[in-house]
Each structure stands twice: as structure tokens, then as C-alpha cells.
Amino acid sequence: MLAAGALVATLAAPAHAETAMPFALDWKFEGPAAPYFAAIDNGHFAAAGLEVEISEGAGSLDAIPKVATGAYPVGFADINSLMKFLDQNPGAPVTAVMMIYDKPPFAVIGRKSLGVEAPADLAGKVLGAPPPDGAWAQFPIFAAENGLDMASITVEPLGFPVREPMLAEGKVASVTGFSFTSTLNVKRLGVPADDISVILMADHGVALYGNAVIVNTDFAEANPELVTGFLKAVALGWKDAIADPAKAIEGLIERNPAADPALETERLQMSIEDNVLTDWVKANGLGGIDAERMAKAIEQTGTVYSFVNAPDAAMYFDSSYLPTDGSLMLE
């Protein structure tokens, strides 16, 4: 903790040139990470006086403790998992400041040939679920909203590396995951597209938000202009990626040469169309949240999670760092 605090202090110190601001992602360098590299390559972070190094993550919960301890000033994580973390760690210096996945990609991905096409089909089947997976964390809400008896589903805990292979091999009938991750990974493993079912939880009663940019609040309070500059650069990176997905993927491939450009372009486009550029974002801009919907999301979380402390949306999301110069409008 002392070392982490020292890092935050170092990051917060004035710099003669650009200020280092490392960014902890939720997952690997895949298509949806391309906008952040576009923000680097197109000079948006530099224009804000920032030098940003992006690190891979190991799931939607991964960045939360990294940012809370000050190891990273900013990260990308599931806001619903952040709620639970703050409930279990009251006063931890971390909050969300910019919503990215207005419609969360939480999904159940199944094989039609194995009998999974709709929520009710999960009963009596084997569901593969990595314990740190953001979609799995929200599955109880999805189950409750669709009248599923959890006891009727055989849940197989498995690691991320074997999730899609096990589905492709038919060892599980479905898996939890992000729609744009698991769907295309299963497709890449040779499963025909017409045999893949994608059950988006947001289309089946789940009102939750998805992943957001999170910040260490000690760092943010000491450096509000840097945080706002970071968020503006992120918005501009997404705007660039929306305008030219293939160009944005070129920057991703530079960092991950083993990736398939066509597959990652498709993955990026899926995330844009299904999760980021929603009707609400088109009208209101990237980054904010609707208070009424957030209240419903907290209420849904409370149906499957017992809050130790009274939930408070103000603890989980702070919009005060969002830029107000029009840069959040993506079209």
C-alpha cells in the first residue's frame, strides 16, 4: 500500500513534459481496445499533456484493485463489480468517471446444436463460467429476470483460456462472456456462425450498465485537469475508431501482431454497434449515465447481492470530470 501510494504521489507530481498516466485495461489487446491506441497514435493523449501506457487485464474485475491501491491512476472495469467492491471496501479511493459500454456486452453464448438458443434452454445444460468473468458476475440477475432456477443449471467453473475451446468442443453447451469476445473466438475455432447463439442479457431484462473508465480518487482530486484531459482523449479515440475501424485496428495490430486484423475489426465493430454507440449515446454523448436507469441497476443488483452498506450511486459514478466542450459527441 505504501509503495502504491508513492506511485500515485509520483504520478501526481508536476512534469516538465508529458505526465505519465498508465491505464489498466480489463482484457487483452483485442478490437475494443483499439480506440485507446488510436488516442495515443493520433496524439489525443499528448495534446492533453499525457503519456499513456496501456496494460492488458485479466477480466472485468481485474483493474479495480489496481486502481484502488494506486498502482494505476486509471483503469477500465465493470461498474457493477465496482459497486460490490466499494460495498466490501468502504472508503476505497476508486470510482467510475466515464461510462463506455452503455449497453453491456454481458452474454450467454451457446451452441444451437447443443440446444441453447434462448434463456429457458439453459435448464438442464452445462454452463461454462470463469469465476472472474463480468458476465458471470451478473448471471444471477439475468437468471432472476428470466425465471431460471439456478439449481437446474450445471455450472462448470473454468479458466478464460479454455472457455471458448470447451464450447467449440461441445464439452459445455454455453458459456458466459462478453458477446464480442466469446462469439468471435468460438467462430475462429471453427464453429459455424449459424450454430452460435448470442443471448445478450441487456435484451432479457437486465438494466445494468457495463464497463467504465475508473479512477483513483486521490489522484483525481489532486489532478482534475489531467483526468478530464484523459477522458476527452478517450472520447476522441472512440470517435476516430467509429469513423475508421480498420485504421484503428492497425494500431492494435502493432501492439498485438498475432491478432487477426479482420477478426479484430469485426470485434471492434460489434462493440461499437451493440455496446458503445447506442441511441442514448448518440443523443447525449459518450460517458454519462441516466440517473433513473442507474437506480434500477442498483435495485436489480440488490435482488441478488446483499449490500452491507446502503447503496449510493454517487459513490459509484462521478460525472464531474467529464469534458464539457462537446468532445463527447461521437457523431
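The model shown is predicted, which means the values in this text are computed figures rather than measured ones.

**With respect to the packing of helix H11 (residues 245-255) against helix H12 (residues 261-276)**
Okay, step 1: Where H11 contacts H12, the axes come no closer than 9 Å and their chain directions differ by 120°. By the criterion of interaxial angle, the relationship of H11 to H12 is oblique. Once H11 is placed against H12, the crossing between them reads as right-handed. Along the contact surface, H11 presents Pro 245, Ala 246, Ala 248, Ile 249, Leu 252 and Ile 253, while H12 presents Pro 261, Glu 264, Thr 265, Leu 268 and Gln 269.
Okay, step 2: A class-by-class count of the residues in the contact of H11 with H12 yields 8 nonpolar, 2 polar and 1 charged.

**Focus: the packing of aromatic side chains**
Okay, step 1: Per the stated rule, a full pass over the model turns up 15 aromatic pairs.
Okay, step 2: Ring geometry for Tyr 101 against Phe 178: centres 6.3 Å apart, planes inclined by 80°, an arrangement best described as edge-to-face. Within this pair, whereas Tyr 101 is found in the loop between strand S6 (94-99) and strand S7 (106-111), its partner Phe 178 is found in strand S10 (residues 174-178), the two being separated by 77 residues in sequence. Take Tyr 101 and Phe 178: they sit in the same class, and that class is buried.

**Side note on the side chain of Thr 181**
Okay, step 1: Within the fold, Thr 181 resides in helix H8 (residues 179-188).
Okay, step 2: Aside from chain neighbours lying at most four places away, what touches Thr 181 is Trp 27, Glu 30, Arg 163, Glu 164 and Arg 267.

**Concerning the nonpolar core**
Okay, step 1: By size, the foremost hydrophobic cluster in this structure holds 71 residues, and its most contacted members are Met 98, Ile 100, Phe 230 and Trp 238.
Okay, step 2: If you tally residues by element for this core, the top one is helix H10 (residues 224-243), at 10 residues.
Okay, step 3: Setting aside residues no more than four positions away along its own chain, Phe 230 makes contact with Met 21, Phe 23, Phe 45, Leu 50, Val 52, Val 74 and Val 213.
Okay, step 4: Residues Val 67, Phe 85, Leu 86 and Met 99 belong to the second largest nonpolar core, which totals 25 residues.

**A closer look at the pattern of salt bridges**
Okay, step 1: Enumeration over the complete set of coordinates arrives at 13 salt bridges.
Okay, step 2: Among the ionic pairs, Asp 203 bridges to Lys 103, the shortest N-O distance being 2.9 Å. Of this pair, Asp 203 sits in the loop between strand S11 (196-200) and strand S12 (211-216) while Lys 103 is found in the loop between S6 and S7, placing the two residues 100 residues apart along the sequence.
Okay, step 3: For Asp 203, a relative accessible area of 47% puts it in the partly exposed group.

**Overview of the environment of Tyr 305**
Okay, step 1: The residue Tyr 305 is located in the loop between helix H14 (291-304) and helix H15 (313-316) in this model.
Okay, step 2: According to the relative accessible area criterion, Tyr 305 is buried, its value standing at 14%.
Okay, step 3: When the C-alpha atoms of Tyr 305 and Pro 140 are compared, they prove to be 9.2 Å apart, with 165 residues separating the residues in sequence.
Okay, step 4: With near-sequence residues (within four places) excluded, Tyr 305 lies in contact with Lys 84, Asp 87 and Gln 88.
Okay, step 5: There is a polar contact of 2.7 Å between the side chain of Tyr 305 and the side chain of Asp 87.

**Let's talk about the sheet that holds strand S4 (residues 54-55)**
Okay, step 1: Read across the open sheet, the 5 strands follow the order S4-S2-S5-S12-S6; overall the sheet is mixed. Sheet topology places S4 and S6 at the edges, where each strand pairs with a single neighbour.
Okay, step 2: For S6 and S12, the ladder comprises 5 bridges, and the chain directions are antiparallel. Among the inter-strand pairings, Met 98 is bridged to a residue of S12, identified as Val 213.

**A closer look at the pairing of strand S8 (residues 126-129)**
Okay, step 1: As defined by bridge partners, S8 adjoins strand S9 (residues 154-157) across 4 bridges and the pair is classed as parallel. Following the sheet pairing, Leu 127 is matched in S9 by Val 155.
Okay, step 2: Tracing the backbone out of S8, into helix H6 (residues 134-145) and back to the parallel element S9 gives a crossover that is right-handed.
Okay, step 3: Examined bridge by bridge, S8 and S10 share 2 bridges and lie parallel to one another. Considered in S10, the bridge of Leu 127 is made with Ser 174.

**Section: the layout of surface pockets**
Okay, step 1: Taken as a whole, the largest pocket spans an internal volume of roughly 300 Å³.
Okay, step 2: Lining the largest pocket are 19 residues, and of these Lys 28, Glu 30, Asn 185, Arg 188 and Arg 267 sit closest to its centre.
Okay, step 3: For the lining of the largest pocket, the secondary-structure elements that each account for two or more residues are helix H7 (160-168), H8 and H12.
Okay, step 4: Here the element with the most residues in the lining of the largest pocket is H7; it accounts for 5 residues.
Okay, step 5: Of the residues contributing to the lining of the largest pocket, the split by class is 9 nonpolar, 2 polar and 8 charged.

**Thoughts on the sheet that holds S11**
Okay, step 1: Spatially, 5 strands are ordered S9-S8-S10-S7-S11 in an open sheet, and the strand pairing comes out mixed. A single partner strand is all that each edge strand has here, and the edge strands are S9 and S11. Adjacent strand axes in the sheet meet at a mean angle of 30° when their direction is disregarded.
Okay, step 2: Packed on one face of the sheet, H8 meets S7, S10 and S11 and runs near 130° to S10.

Calculation notes
Residues numbered from 1 in each chain as written. Predicted model: local features only at pLDDT ≥ 70, side-chain atom pairs only at ≥ 80, totals over all residues. Heavy atoms only, no water. Axes fitted to C-alpha atoms, helices over the stretch in contact; angles between N-to-C directions. Helix = DSSP H or I, 4+ residues; strand = E, 2+ residues; numbered from the N terminus. Parallel < 35°, antiparallel > 145°, perpendicular 65-115°, else oblique. Left-handed = near helix turned anticlockwise from the far one by under 90°. Contact = heavy atoms within 4.5 Å. Nonpolar A, V, L, I, M, F, W, Y, C, P; charged D, E, K, R; others polar. Phe/Tyr/Trp six-rings, centres within 6.5 Å; stacked < 30°, edge-to-face > 60°. Buried < 20%, exposed > 50% of the residue type's maximum accessible area, 1.4 Å probe, protein only. Core = buried A, V, L, I, M, F, W, Y, C linked by side-chain atoms within 4.5 Å. Salt bridge = Lys/Arg side-chain N within 4 Å of Asp/Glu carboxyl O. Polar contact = N/O pair within 3.5 Å; in protein donor to acceptor, adjacent residues only side chain to side chain. Pairing = 2+ DSSP bridges. Right-handed = clockwise from strand over helix to strand, strands pointing away. 1 Å grid on protein atoms, 1.4 Å probe; cavity = no way out; pocket = protein on both sides within 12 Å on 5 of 7 lines; lining within 4 Å. Points joined across faces, edges and corners; volume = space filled by probe spheres on them.

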